[in-house]
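# Notes for the structure review
What follows is each chain in one-letter form.
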Amino acid sequence: MARIVMKFGGTSMAGIERIRSVANRVKREWAAGNDVAVVVSAMSGETDRLVGFCREASPLYDAREYDVVVSAGEQVTSGLLAIALQAVGVPARSWLGWQLPIRTSDGHASARIGDIETAGVLGAMANREVAVIPGFQGLAAGERVTTLGRGGSDTSAVAMAAALKADRCDIYTDVDGVYTTDPRIVPRARKLKRVTYEEMLELASVGAKVLQTRSVGLAMKENVRVQVLSSFVDDNAPAADTLPGTMIVGEEEVEAMERQLITGIAHDKNEAKITLTSVPDKPGSVGGVFAPLAEANINVDMIVQNIAHSTGSTDVTFTVPSADLAKSLDVLGRAKAEIGYESLVHDTRVAKISVVGVGMRSHAGVASKMFTTLGERGINIQAITTSEIKVSVLIHEDETELAVRVLHTAYGLDAEDPAA
């Protein structure tokens, strides 16, 4: 029999009926003889509600007390699920982050997991008891409650699976797997049986919302097999290991014949483009642009430095997350004299389109096909960035859906049957 960590997101826990459905799904795995630990998120919308209370209390709230407040959502659902499991005959108990404990850094609201003590949970499993663990939370030095940042329950689940040496981590969400692209844009998108850690990490980082980026990175580091499944299935559905979800695994588990040149097309409209004009064209100028942004913890993605002007200056274009635009403009405005640029222009009507696949390593022409395909449809490319298994371009946001559709077809990703 297997040792499994099951994780249920906010939509899966949205109300008592949904929690009862989750309890029945957990019961099936437990009744099959598997050792089970469950990690839960807060009810859908609950964390936003608690964050709102903090902001109402004080715009300059103490991050330590913020963590105390927002971690309460997962505490509620862990207790409710334990009660629901007991009601269907499954021995269960909740284990809060401080009770295990899950040791973290002291970066309140963005803590990182350092160590998890598993003796209590392993003892419970030995007695055929299901451990229900709130995601998103841990314990820092000084016995202060911490949270891992938004979406941190995925990371909690993967970390628990690694600590427990679980056979796999099943993440139940409101989608039934990882697709070649967003099925709402391309009805002929195909669900993938297997995706490598590297591919999922790239897809998550460029807009695919199935898994949190940190959780994928941790799964890759700890070699945790992660399965993405839908919790919105009939209560009489078969056990998870027979459901057609998507398995996130090491590259060695993906057979050569299954490996495609391109795995998926992702899009992200949460980008903002910034251009600094007439930056002095001399050594150190570009560093002067990005150093203050780095000090403000603002992540810069795409960077384009234009050809130098005859005046001895150049234009520098780059992207930042839309949520960080206001902060970026403030930082760059205060550093204008030191940088020496003439003007600052920003644009939020942009989107990042990415093609991802480990097959790029051994095949030429991937980027060329992308640029040619977009050009043939009159889609202008504003910036480009690449990695070993990814090519991303920045385009106008109004052309997002068209770009995704034509690229999906160009790389042969369309399913023969829309229902496939």
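In this text, all values refer to a predicted model and were calculated from it rather than measured experimentally. (Residues numbered from 1 in each chain as written. Predicted model: local features only at pLDDT ≥ 70, side-chain atom pairs only at ≥ 80, totals over all residues. Heavy atoms only, no water.)

From N to C terminus, the chain includes 13 helices and 20 strands. The globule rule puts the C-alpha radius of gyration for 420 residues at 22 Å, and the 23 Å found for the chain is close to it. Referenced to the eigenvectors of the C-alpha coordinate spread, the extents of the chain come out at roughly 80 × 55 × 35 Å. Across the 420 residues of the chain, 50% fall into the buried class. Within the chain, contacts between residues separated by at least 24 positions form 75% of all contacts whose residues are at least 6 apart in sequence. (Helix = DSSP H or I, 4+ residues; strand = E, 2+ residues; numbered from the N terminus. Rg over C-alpha atoms; globule rule 2.2 N^0.38 Å. Buried < 20%, exposed > 50% of the residue type's maximum accessible area, 1.4 Å probe, protein only. Contact = heavy atoms within 4.5 Å.)

Okay, helix α5 (residues 119-126) next. Listed as buried for α5 are V121, A124 and M125. Taken down its axis, α5 places every buried residue within 100° of arc, on the same side. Residues A119 and A126 are exposed on α5 and point more than 90 degrees away from its buried face. Structurally, α5 contributes buried residues whose contacts are with β1 (3-8), β2 (35-40) and β6 (130-134). Following α5 by one or two positions, R128 adopts a phi angle in the positive range, close to 60°. (Arc of directions from axis to C-beta.)

The next point concerns the sheet that holds strand β10 (residues 194-196). Across a sheet, paired strands are connected by hydrogen bonds in the backbone, their directions being either parallel or antiparallel. Pairing is mixed across the open sheet formed by 8 strands, whose spatial order is β3-β6-β2-β1-β9-β11-β12-β10. Of all the strands in the sheet, the pair left with one neighbour each is β3 (92-94) and β10. Neighbour to neighbour, the strand axes of the sheet diverge by 20° on average, direction disregarded. Pairing between β3 and β6: 3 bridges, direction parallel. Within β6, the position partnered with A92 by the bridge is V130. Helix α4 (residues 72-87) contacts β2, β3 and β6 of the sheet and is inclined by roughly 160° relative to β6. Each of β1, β2, β6, β9 (168-173) and β11 (226-230) touches helix α6 (residues 152-163); the most contacted strand, β1, lies at about 175° to it. (Pairing = 2+ DSSP bridges. Axes fitted to C-alpha atoms, helices over the stretch in contact; angles between N-to-C directions.)

This paragraph deals with the nonpolar core. Of all hydrophobic cores here, the largest spans 37 residues; its most connected members are V5, I133, C169, M200, L211, V226 and I248. Put simply, the parts of the chain that give this core at least two residues each are β2, α5, β6, α6, β9, α7 (197-205), α8 (213-222) and β11. Looking at which element gives the most residues to this core, the answer is α6, with 5 residues. Discounting residues that sit within four places of it in the chain, L211 has contacts with D154, I171, M200, A204, V216, V226, V228 and I248. Among the nonpolar cores identified, the runner-up in size contains 23 residues, and A2, V26, A82 and V132 belong to it. (Core = buried A, V, L, I, M, F, W, Y, C linked by side-chain atoms within 4.5 Å.)

Let us look at the pairing of β6. Summarising burial for β6: 5 of the 5 residues are buried, a large majority. Neither face of β6 is exposed, since V130, V132 and P134 on one face and A131 and I133 on the opposite face are all buried. With 4 bridges connecting them, β2 and β6 associate as parallel partners. Bridge pairing in β6 links V40 to P134.

Attention now goes to the pairing of strand β18 (residues 350-356). Burial analysis of β18 places 7 of its 7 residues in the buried class, the great majority of the element. Here β18 shows a buried face lined by V350, K352, S354 and V356 and a second buried face lined by A351, I353 and V355. The pairing of β18 with strand β20 (residues 390-396) spans 7 bridges and is classified as antiparallel. When the bridges of β20 are listed, A351 appears paired with I395.

One pass over the full model with this rule turns up 21 salt bridges. Between R64 and D62 there is a salt bridge, with its nearest N and O atoms 2.9 Å apart. The partly exposed category is assigned to R64, whose relative accessible area is 43%. A relative accessible area of 32% means that D62 is categorised as partly exposed. Measuring nitrogen to oxygen at the nearest pair gives 3.0 Å for the salt bridge that ties D330 to R334. A residue pair is termed a helical-turn pair when its members lie 3 or 4 positions apart in one helix, as D330 and R334 do in helix α10 (residues 325-334) at 4 residues. Note on D330: relative accessible area 41%, which makes it partly exposed. (Salt bridge = Lys/Arg side-chain N within 4 Å of Asp/Glu carboxyl O.)

Relative to the assigned elements, Q212 resides in the loop between α7 and α8. Look at Q212 and you get buried, because its relative accessible area is 16%. Taking the C-alpha atoms as reference points, Q212 and E416, separated by 204 residues in sequence, lie 30 Å from one another. Not counting chain neighbours up to four residues away, the residues in contact with Q212 comprise R150, G151, G152, D154 and T155.

Let us now look at helix α12 (residues 366-376). Along α12, the residues classified as buried are V366, M370, T373 and L374. Each buried residue of α12 sits inside an arc of 95° when the element is viewed along its axis, so together they form one side. Positive backbone phi, approximately 70°, marks G378, located one or two places after α12.

What follows deals with the packing of aromatic side chains. Enumeration over the complete set of coordinates arrives at 3 aromatic pairs. Here the aromatic rings of F8 and Y172 are separated by 4.6 Å at their centres, their planes lie at 15°, and the arrangement is stacked. Placement of F8 in strand β1 and of Y172 in strand β9 is noted, with a sequence separation of 164 residues between them. For the residue pair F8 and Y172, the accessibility class agrees, reading buried in each case. Here the aromatic rings of F290 and F318 are separated by 5.0 Å at their centres, their planes lie at 75°, and the arrangement is edge-to-face. Here F290 is found in helix α9 (residues 285-295), whereas its partner F318 is found in strand β16 (residues 313-321), with 28 residues between them in sequence. Here F290 matches F318 in class, with each residue buried. Above the face of the W95 ring, R93 is positioned so that its terminal group lies 3.6 Å from the ring centre. (Phe/Tyr/Trp six-rings, centres within 6.5 Å; stacked < 30°, edge-to-face > 60°. Lys NZ or Arg CZ within 6 Å of the ring centre and 35° of its normal.)

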